[in-house]
Amino acid sequence: MFTYALDERTVLRPLTKEHVQPLFELIEMSRDRLRQWLPWVDSTTEISHTEQFVQGALKQAAENGSLTAGIWIDNELAGIISYHEIDWTHRSVSIGYWLGHGYEGQGLMTSACRVFVEYALMELDLHRVEIRSATTNRRSRGIPERLGFVLEGIVREAELLPDGYMNHAVYGMLQNEWKQLR
């Protein structure tokens, strides 16, 4: 995937080593809000942790075609969207995402997810895309709901976060369903 313009101000760019510093700064700026939903936030305390994340994302991209992209508004990093490891045997992938403080509520992530779903199902010819979200994270759950995903179920106590275990809502989209929605 190449740089993809969502609109005249916003682009998706695959993460590179040059993005480590702005990514770490965005995490720092958004730490209090992100930690309630993302288990890795409390262990990302030094820039070297972010550097390891970016190196891992680049390695995964090289090995199985996964992709982690920054969402940039006017050349400022606003968030991250990524394919978790692509399962080529079953032709499926899950998408993870987050936005930094001050970038929520603008439709950015819905637009970015739409591009990632389209790319996964139509370009990579995958059969299924999954999105999981904490059941109490209404903003995150709204994204797959707006895109027409099917709520497939709730996984109880799926993830340990600082405030305890969180249930996950599991949403799925199949290639044939996406084709009908396009």
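Note that the structure is predicted; figures quoted are calculated from it, not measured.

**A few points about the packing of aromatic side chains**
Counting across every chain of the model gives two aromatic pairs. Geometrically, the ring pair formed by Trp40 and Trp98 is tilted, given 5.8 Å between the ring centres and 55° between the ring planes. Here the residue Trp40 occupies a position in the loop between helix H1 (20-34) and helix H2 (47-64), and Trp98 occupies one in strand S5 (residues 92-99), the gap between them amounting to 58 residues. Centre to centre, the rings of Tyr83 and Phe116 are 4.6 Å apart; their planes meet at 45°, and the pair counts as tilted. Taken together, the residues span a long stretch of sequence, with Tyr83 in strand S4 (residues 76-83) and Phe116 in helix H3 (residues 108-123) at a distance of 33 residues. For Phe116, a relative accessible area of 0% corresponds to the buried category.

**Some words on the packing of H1 against H2**
Running from amino to carboxyl end, H1 crosses H2 at an angle of 120°, the nearest separation of the two axes being 9 Å. Put simply, H1 runs oblique to H2. As H1 packs across H2, the resulting crossing turns out to be right-handed. Within the contact between the two elements, H1 uses Val20, Gln21, Leu23, Phe24 and Ile27 and H2 uses Ile47, Thr50, Glu51, Phe53 and Val54. Across the contact of H1 with H2, the residue classes break down as seven nonpolar, two polar and one charged.

**Some details on the sheet that holds S4**
Taken in spatial order, the eight strands of this open sheet run S1-S2-S3-S4-S5-S6-S8-S7, and their pairing is mixed. Across the chains shown, the open sheet's two edge strands, defined by having one partner strand only, are strand S1 (4-5) and strand S7 (150-161). Sheet topology places S5 next to strand S6 (residues 128-134); four bridges connect them, and they run parallel. Directly across from Val93, in S6, lies its bridge partner Val129.

**Describing H1**
With 15 residues, H1 should reach 21 Å at 1.5 Å per residue; the first-to-last C-alpha distance of 18 Å falls well below that figure. Where H1 bends most, the angle comes to about 45°, and this point is Glu28. Where H1 is buried, its residues contact H2, S4 and S5.

**Remarks on the side chain of Thr110**
By the secondary structure assignment, Thr110 is in helix H3. Side-chain polar atoms of Thr110 contact the side chain of Arg146, separated by 3.0 Å. The contact partners of Thr110, leaving out residues within four places of it in the chain, are Ile143, Arg146 and Leu147.

**A word on the nonpolar core**
Among the nonpolar cores identified, the biggest contains 52 residues, and Ile81, Ile95 and Met109 are the most heavily contacted of them. Mapped onto this core, the elements with two or more residues apiece are strand S2 (10-14), H1, strand S3 (68-73), S4, S5, H3, S6 and strand S8 (164-174). Take this core: its biggest share by element is nine residues, from H3. Apart from residues lying up to four places away in sequence, Met109 is in contact with Ile71, Ile80, Ile81, Tyr97, Trp98, Leu99 and Ile143.

**Some words on the pattern of salt bridges**
When their charged atoms lie close together, side chains carrying opposite charge are able to pair. A complete count under the given rule lists eleven salt bridges for this structure. The partner of Arg31 in a salt bridge is Glu28, with the nearest N and O atoms 2.3 Å apart. Pair noted here: Arg31 and Glu28 are both in helix H1, with a separation of three residues, about one helical turn. Note that Glu145 is salt-bridged to Arg138, the shortest N-O span being 3.3 Å. Exposure remark for Arg138: the relative accessible area of 48% places this residue in the partly exposed category. Salt bridges linked by common partners bring Arg128, Glu130, Arg132 and Glu152 together as one network.

Each value, and the rule that gives it
- Residues numbered from 1 in each chain as written.
- Predicted model: local features only at pLDDT ≥ 70, side-chain atom pairs only at ≥ 80, totals over all residues.
- Heavy atoms only, no water.
- Phe/Tyr/Trp six-rings, centres within 6.5 Å; stacked < 30°, edge-to-face > 60°.
- Helix = DSSP H or I, 4+ residues; strand = E, 2+ residues; numbered from the N terminus.
- Buried < 20%, exposed > 50% of the residue type's maximum accessible area, 1.4 Å probe, protein only.
- Axes fitted to C-alpha atoms, helices over the stretch in contact; angles between N-to-C directions.
- Parallel < 35°, antiparallel > 145°, perpendicular 65-115°, else oblique.
- Left-handed = near helix turned anticlockwise from the far one by under 90°.
- Contact = heavy atoms within 4.5 Å.
- Nonpolar A, V, L, I, M, F, W, Y, C, P; charged D, E, K, R; others polar.
- Pairing = 2+ DSSP bridges.
- Expected span 1.5 Å × (residues − 1).
- Bend = angle between axes of the 7 residues up to and from the residue.
- Polar contact = N/O pair within 3.5 Å; in protein donor to acceptor, adjacent residues only side chain to side chain.
- Core = buried A, V, L, I, M, F, W, Y, C linked by side-chain atoms within 4.5 Å.
- Salt bridge = Lys/Arg side-chain N within 4 Å of Asp/Glu carboxyl O.

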